[in-house]
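An overview of the molecular structure
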Amino acid sequence: MRVPLSWIREYADIPLAMTAEEIGEALVRVGFEVEEIDHQGLEVTGPLVVGRIVKIEETTEFKKPIRWVELDCGEPETRFVICGASNFDVGDLVVVALPGASLPGGFAISQRETYGKVSNGMICSSRELGLSDDHSGIMVLPALCSRPGSDAHQLLEIHDVIFDIAINPDRGYALSVRGIAREASAAIGVTYSDPVASIKTDNFAKTGLGVVPKIHDGACVIHVRTLAEFDPKAQSPLWMRRRIEKCGMRSISLAVDITNYVMLELGQPLHAFDRQQITGTLQIRKAGKTTAFKTLDGQERTLSPEDLLVADDDRALALAGTMGGENSEVGPMTTSLAIEAARFDPISIAKNARRHKLSTEASRRFERGVDPSLAEYASARAASLLIEFGGAKHVDSQSDGEPKHSPIVDFDPDYAAKLTGADISVAQVREMLLLIGCDIDEKSDSLWRIDPPSWRNDLLLPADFVEEVARMVGYDAIPSILPHHPVSPGLTKFQIRLRILSQLLSDKGLVEVQTYPFVSESTIKLMGYTGDRANAFRIVNPMSEDAPLLRTHLIPGLIQSAAINLSRGARDFGLFEVGSIFRNTSKLPAIENPATDRRPSQKAIDQIYAGVPAQPIHVGGVLIGKALVDDWRGEGRDYDWNDAIEFAESILASCNANWTIKRSDFAPWHPGRCAELLVDGKVLAHAGELHPRVVAAFGLPERACAFVVNLSAIPDHGVLVAPVIGTMPIAVQDIALIVDEHVTNAEVIDALKSGAGAMLESVVLFDRYDRIGEGKISLAYTLSFRAPDRTLTGAEISEMREAAVEAARAKLGATLRSA
């Protein structure tokens, strides 16, 4: 929020000698983030005066109309200037920079000849003066605000300090000058004058029947003040326009400016309706069957039945607490007004704003919580200003509901020192709580009953009051003492496994990434996921509506990450990720949020965990481009599906798992180039080449590959026993077997091992020949034999070799290839 120091000083008795930087440091001490301190007007120097337009001579011989303007600047003689703007008329008051003045950007004003005329100064816009970004035309001043020759520096309050302050979500009261001034007063230790104290709510005579409000849902209190005989041509006073501009808003019309001004001043958003457009009562209700509504920005909104509306007996008039509607807008002919001030439900307003992607000044305040007592005072303040500056006449004031305040909290004053560890006395606790506006009923030395101020709806628990005390005392008063470190049990077996696997894949040349666990429905369909992998959890309040689901698989995020790296020039690489997946495969029990003032019971903890879905840990990877790049030593080679299978196997091997491999047809892999890896008969991994449809959709190179392993499902095989290192000579035998083409390599190896016996140390496939014909293929293997205690004889080796071939024949119909 942008707040001018001149406005803060109206309510906080800040010494003139105190610098803006010191004030900013004081606000930081009490927990606010001062993002910027803008010293306005430093670049505006020299003569700047009010001028009256005496005569306008327009020249059209150039590319754009040029005005030769005669000005009365309070001098003995009039002066002439050249101007390209056309939004002013004879008699208007404008701001004139005389020769010798300097404007923002080092723009020096001097007498000069242009367009064949001598221009003796310049008529200024708001942007040229550095007051706002408005450059739509010349800054035209209200008719009676000043006289020609007056000092415009003082009139426009050009020289001011603007604090740009970031307001935390729990500090909605600080989205106002009233709130910031209160905090500044407390931080500096000066007197604070509450602007609400000077507002009279009962100073309005009833002269007729006004609009009657009615709350059906979504608000606790509403006040409506009906005014008549309003002058729609009345202009906003210059001081009000300038304050609104300093706060980052623009002046629109008197009625709108007054509602914005009161909102900035007190923190209570208001809305002005055209009274003649309201039929019957003014209601706060849910949209229900109302399906469409056009807001002030001209957008046709499709309403949800849960949207909160302000409506009359016939139609919707405003999206409650967010934006008004075109059908009840205050226009240039409006003479009768209904000023509405309500305390809306913060959650309902937050849903309105997010559902319609419509964050406004009003919604930002309502969703943080507005002081329930303010509606009455803010509406009275706005009515008084409309009567004073718009000539309006009060007709009637009506209300419905009543303010609902935070409950009284039992508090032990010693709790502040105990919780913070700081030396905070009971007297300090009392002083700080009174300073922030609390009422204290001291029942005993250890029991205070604290009534939070109406503007602090966030003070609900004893810890909240301790935080306030610590904030006001100063966080630097809290000692920085680390708690005793408990004896660490070290990493769990699963954590050790994750670290080993990450290091393993990194050592193999892959790069670890972390992707967002969110996907879209279209991505799930594109991947071809079915069954459990298509049952995703929908996020209630997603970061992006384009990805509202939790991922059920790692591959989509990895593919998207690969596509991003390709777009940035990477060509040959491998990525991997270790992360959770989420599948909506079972109904979860409903749980209630436990109280936060004490530790929940074990039953409550068990219920919470029972309501959390399973989140198994997977590791996945994608392989793009070349596994070995071309260089001076020779040609490289592309990644292929065998590489993906090898990565999956290396992961299982590092977990000391025993696995088998089978062919698979599993999306999003290529149906003919995908393998599944089974441990104890359960599929725990898939690897292979990605489906061409997926590759094309994401712009990946052809033959891109991927693998995924379910780490959580890999059983713990206990302590790994290292194999015995043989010291005897090894005997090597090569064989080639002819088998049916559907027989897998794994099946042949299992058969050979079962027949060869315990002295078979290894079996390695070194060749495959597919041109045998008649549905047959040839697989060639190297068999390595070794005895633990002696050198094998030729007869023993031949016997084991023949036994292995016989086992393959018996189980798979294999025959020994002779040529």
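Scroll up for the structure.
Structural notes, computed from the coordinates. (Residues numbered from 1 in each chain as written. Predicted model: local features only at pLDDT ≥ 70, side-chain atom pairs only at ≥ 80, totals over all residues. Heavy atoms only, no water.)

1. Quick look at the overall build of the chain
We apply this condition: Put simply, DSSP marks the helices as runs of H or I at least four residues long and the strands as runs of E at least two long, and each gets a number from the N terminus on. Radius of gyration means the value over C-alpha atoms here, while the globule rule gives 2.2 Å times the residue count to the 0.38 power. Per-residue accessibility, obtained with a 1.4 Å probe over protein chains only, is compared with the maximum for each type, and a residue is labelled buried under 20%, exposed over 50%, and partly exposed between these values. Residue contacts are defined here by distance: any two heavy atoms, one from each residue, within 4.5 Å place the two residues in contact.
Along the backbone of the chain there are 20 helices and 42 strands. Computed over the C-alpha atoms, the radius of gyration of the chain is 39 Å, more than 25% above the 28 Å expected from 2.2 N^0.38 for a compact globule of 819 residues. When its C-alpha atoms are laid out on the principal axes, the chain stretches across 130 × 85 × 55 Å. Out of the 819 residues belonging to the chain, those deemed buried represent 47%. Of the contacts formed within the chain by residues at least 6 apart in sequence, a portion of 70% connects residues at least 24 apart.

2. As for the pairing of strand β40 (residues 760-773)
In plain terms, the rule: Here, a strand pair is defined by DSSP locating no fewer than two bridges between the strands.
Both β40 and strand β41 (residues 776-785) contribute to a ladder of nine bridges, which runs antiparallel. Bridging across to β41, R768 finds its partner in L779. Connecting β40 to the antiparallel partner β41 that follows it, the hairpin turn spans two residues, and E774 within it adopts a positive phi of roughly 55°.

3. Some words on the packing of helix α19 (residues 745-756) against helix α20 (residues 794-812)
The condition that has to hold: All axes here are fitted lines through C-alpha atoms, helices being fitted over the stretch that makes contact, and every angle between N-to-C directions spans 0 to 180 degrees. Put simply, angles under 35 degrees are roughly parallel, angles over 145 are roughly antiparallel, angles from 65 to 115 are roughly perpendicular, and the rest are oblique. Helix crossings fall into two classes, left-handed where the near helix is turned counterclockwise from the far one by less than a right angle and right-handed where it is turned clockwise. Basically, the charged four are Asp, Glu, Lys and Arg, the nonpolar ten are Ala, Val, Leu, Ile, Met, Phe, Trp, Tyr, Cys and Pro, and anything else, Gly included, counts as polar.
Running from N to C, α19 and α20 cross one another at 130°; their axes reach a closest spacing of 7 Å. Judged on the interaxial angle alone, α20 and α19 are oblique. Taken as a pair, α19 and α20 cross one another with a handedness that is right-handed. For the pair α19 and α20, contact is made by E747, V748, A751, L752, S754, G755 and A756 and by M800, A803, A804, V805, A807, A808, K811 and L812, respectively. Residues belonging to the contact of α19 with α20 are distributed by class as follows: eleven nonpolar, two polar and two charged.

4. Things to note about the sheet that holds strand β24 (residues 393-401)
Note: strands within a sheet are paired through backbone hydrogen bonds, in either parallel or antiparallel orientation. Judged by pairing direction, the sheet is antiparallel, and its four strands sit side by side in the order β16-β23-β15-β24 without closing on themselves. Sheet topology places β16 (271-274) and β24 at the edges, where each strand pairs with a single neighbour. Within this sheet the neighbouring strands show an average axis-to-axis angle of 20°, counted without direction. The pairing of β16 with strand β23 (residues 337-344) spans four bridges and is antiparallel. Its bridge partner being in β23, H271 is matched across the sheet by E340. Strands in contact with helix α9 (residues 374-390) are β15 (219-228), β23 and β24; relative to β15, the strand with the most contacts, it is inclined by about 15°.

5. Re the sheet that holds strand β38 (residues 705-710)
Spatially, the seven strands line up as an open sheet ordered β28-β31-β32-β38-β37-β36-β35, and their pairing is mixed. Taken across any chain shown, the strands that pair with only one partner, and hence form the sheet edges, are β28 (511-512) and β35 (659-663). Pairing of strand β37 (residues 682-690) with β38, which is carried by five bridges, proceeds in the antiparallel orientation. Residue A685 lies in a different strand from β38, and its bridge partner there is V709.

6. Digging into the nonpolar core
Cut-off, in case you're wondering: Take the buried residues of types Ala, Val, Leu, Ile, Met, Phe, Trp, Tyr and Cys, join any two whose side-chain atoms come within 4.5 Å, and each joined set is a nonpolar core.
Ranked by internal contacts, the top residues of the largest apolar core, which has 100 residues, are F163, F344, L386 and L433. Dropping the residues within four chain positions of it, L386 is found in contact with L227, F230, A255, I258, L337, I339, G391 and A392.

7. Considerations on the state of the cysteines
Here a disulfide denotes one covalent bond, and it connects the sulfur atoms of two cysteines. What counts here: By disulfide we mean two sulfur atoms from cysteines, separated by a distance within 2.5 Å.
Applying the stated rule across the entire model yields zero disulfides. Free of any disulfide, C220 has its nearest cysteine sulfur in C438, 20 Å distant. For C655, which is in no disulfide, the shortest distance to another cysteine sulfur is to C674 and amounts to 20 Å. The class for C655 is buried, based on a relative accessible area of 7%.

8. Overview of the pattern of salt bridges
Under the convention used in this document: Any Lys or Arg side-chain nitrogen found within 4 Å of a carboxyl oxygen on Asp or Glu counts as a salt bridge.
Per the counting criterion, the structure on display carries 42 salt bridges. Where E361 meets R364, a salt bridge forms, and the shortest distance between an N and an O atom there is 3.2 Å. Of the two residues, E361 and R364 are both situated in helix α8 (residues 361-366); the distance of three residues between them amounts to about one turn of the helix. Of the residues examined, E361 reaches a relative accessible area of 30% and is grouped as partly exposed. In this structure R364 comes out as partly exposed when scored by relative accessible area, which is 29%.

9. Quick notes on the environment of I608
Looking at where I608 falls in the secondary structure, it is placed in helix α16 (residues 602-610). Residue classification places I608 among the partly exposed positions, given a relative accessible area of 27%. Sequence-wise, I608 and A311 are 297 residues apart; in three dimensions their C-alpha atoms are separated by 41 Å. Ignoring sequence-local partners within four residues, the contact set of I608 consists of I591 and P594.

10. Some points on the packing of aromatic side chains
The geometry of two aromatic rings is summed up by the distance between their centres and the angle between their planes. Basically, it comes down to this: In this analysis, rings of Phe, Tyr and Trp, with Trp reduced to its six-membered ring, are considered paired at centre separations within 6.5 Å, and the interplanar angle assigns stacked below 30 degrees, edge-to-face beyond 60, and tilted for intermediate values. Charge over a ring is defined by NZ of Lys or CZ of Arg lying within 6 Å of the ring centre and within 35 degrees of the ring normal.
Enumeration over the complete set of coordinates arrives at nine aromatic pairs. Between F344 and F366 the ring centres are 5.0 Å apart and the planes differ by 75°, which places this aromatic pair in the edge-to-face class. Of the two residues, F344 sits in strand β23 while F366 sits in helix α8, which places them 22 residues apart along the sequence. Of the two residues, F344 and F366, neither departs from the other in class, the shared state being buried. Between the NZ or CZ atom of K117 and the centre of the ring of W68, over which it lies, the distance is 5.2 Å. For R182, the ring lying beneath its charged end belongs to W455, and the centroid distance is 3.7 Å.

11. Quick notes on the side chain of H153
Cut-off, in case you're wondering: Counting of polar contacts relies on pairs of N or O atoms within 3.5 Å, with two restrictions inside protein: one atom must be capable of donating a hydrogen and the other of accepting it, and residues adjacent in sequence are counted only when both atoms are side-chain atoms.
Its location among the elements puts H153 in helix α3 (residues 152-155). Reaching out from H153, the side chain makes a polar contact with the backbone oxygen of G46 at a distance of 2.9 Å. In this structure, H153 is in contact with V44, T45, G46, L48, I158 and H159, ignoring residues within four places of it in sequence.

Scope: geometric values only; no functional claims are made or implied.
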